Amino acid sequence: MIIQACLNGARPASYHARLPLTARDMARDAVACLGAGAAELHLHPRGPDGSESLRAVDQTVLFLRSVCPGTLIGVSTGAWIEGDEARTLDAIASWRVPPDYASVNLAEPNAPAIMALLLSMGVGVEAGLATLADAQRFVALPVRSRVLRVLVEIEEQELAQADATADSILALLEAEKVQRPVLLHGFDATTWHFVRRARRARLSTRIGLEDGASRPGGGLASGN
């Protein structure tokens, strides 16, 4: 069981006054989060204009490793970042300072190709499952046993429905005997609910401004 710090995600600059968008600010928050107990980092590198960019991975990862040596660093490969399947694959293939792992959303059509490319490069894969359909697709893939971990990442905001979705995904993984580590997390209204649930189940989890900006008891957090 580990806690992963998810530093920024796809959030806009207006989301929070201390949302880290530059490599230097991500490094500042990374050091603080590791000091507070996080074991790994997940981030969305940004280009000079502040927008998400897979082309910014090399520079960002290189800088983060200089201040957090030995810490596993992961990035997103979300289809919206480059907005085109071919550009996404080209950008990943161009990495010369690759992250330790990258998350791949099974809801995206090109997920199997991205997973295959990452594995061929020696980059760990976090398989992102947001729905039962995502999980069904994942368990049918020949590479399912080669992923670094499975992300059960719940987007529903109503707690009963969110829990039902998580239950169905976790039950399928167990039924299919998927022997990979699981990281469970929520989003916005369900963020702290799933942190608590993960702790009870001894699953890994994550927390940070990518998933929500509220403190556990309510009110705005001061930052990551």
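Just above sits the structure.
Just so it is clear, the structure is predicted and the values come from calculations on it, not from any experiment. (Residues numbered from 1 in each chain as written. Predicted model: local features only at pLDDT ≥ 70, side-chain atom pairs only at ≥ 80, totals over all residues. Heavy atoms only, no water.)

A. The arrangement of the overall build of the protein in detail. A tally of regular secondary structure across the protein gives 8 helices and 8 strands. Taken against the 2.2 N^0.38 rule, which gives 17 Å for 224 residues, the C-alpha radius of gyration of the protein at 16 Å falls within 12% of a compact globule. Taken along its principal axes, the extent of the C-alpha atoms in the protein is 45 × 45 × 30 Å. By the burial criterion, 51% of the 224 residues in the protein qualify as buried. Once local pairs closer than 6 in sequence are excluded, the contacts in the protein between residues at least 24 apart make up 66%. When the accessible area of the protein is evaluated, it comes to approximately 10,100 Å², of which 55% is carbon and sulfur surface. Taking the 22 positively charged and 25 negatively charged side chains of the protein as two groups, their mean positions are separated by 7 Å. (Helix = DSSP H or I, 4+ residues; strand = E, 2+ residues; numbered from the N terminus. Rg over C-alpha atoms; globule rule 2.2 N^0.38 Å. Buried < 20%, exposed > 50% of the residue type's maximum accessible area, 1.4 Å probe, protein only. Contact = heavy atoms within 4.5 Å. Areas by Shrake-Rupley, 256 points an atom, 1.4 Å probe, with all protein chains shown as cover. Lys, Arg positive; Asp, Glu negative; His and termini not counted. Charge placed at Lys NZ, Arg CZ, Asp CG, Glu CD.)

B. Spatial organisation of the packing of helix α1 (residues 23–35) against helix α2 (residues 57–67). Where α1 meets α2, the closest approach of the two axes is 9 Å, and the angle between their N-to-C directions is 35°. Once α1 is placed against α2, the crossing between them reads as right-handed. Here Ala-23, Arg-24, Met-26, Ala-27, Ala-30 and Val-31 of α1 come into contact with α2, specifically with Thr-60, Phe-63, Leu-64 and Val-67. The class makeup of the residues in the contact of α1 with α2 is 8 nonpolar, 1 polar and 1 charged. (Axes fitted to C-alpha atoms, helices over the stretch in contact; angles between N-to-C directions. Left-handed = near helix turned anticlockwise from the far one by under 90°. Nonpolar A, V, L, I, M, F, W, Y, C, P; charged D, E, K, R; others polar.)

C. Structural context of the environment of Gly-219. Here Gly-219 is to be found in the segment after β8 (205–207). On the basis of relative accessible area, Gly-219 is assigned to the partly exposed category, the value being 48%. When residues no more than four places from it in sequence are discounted, the contact partners of Gly-219 are Ala-213 and Ser-214.

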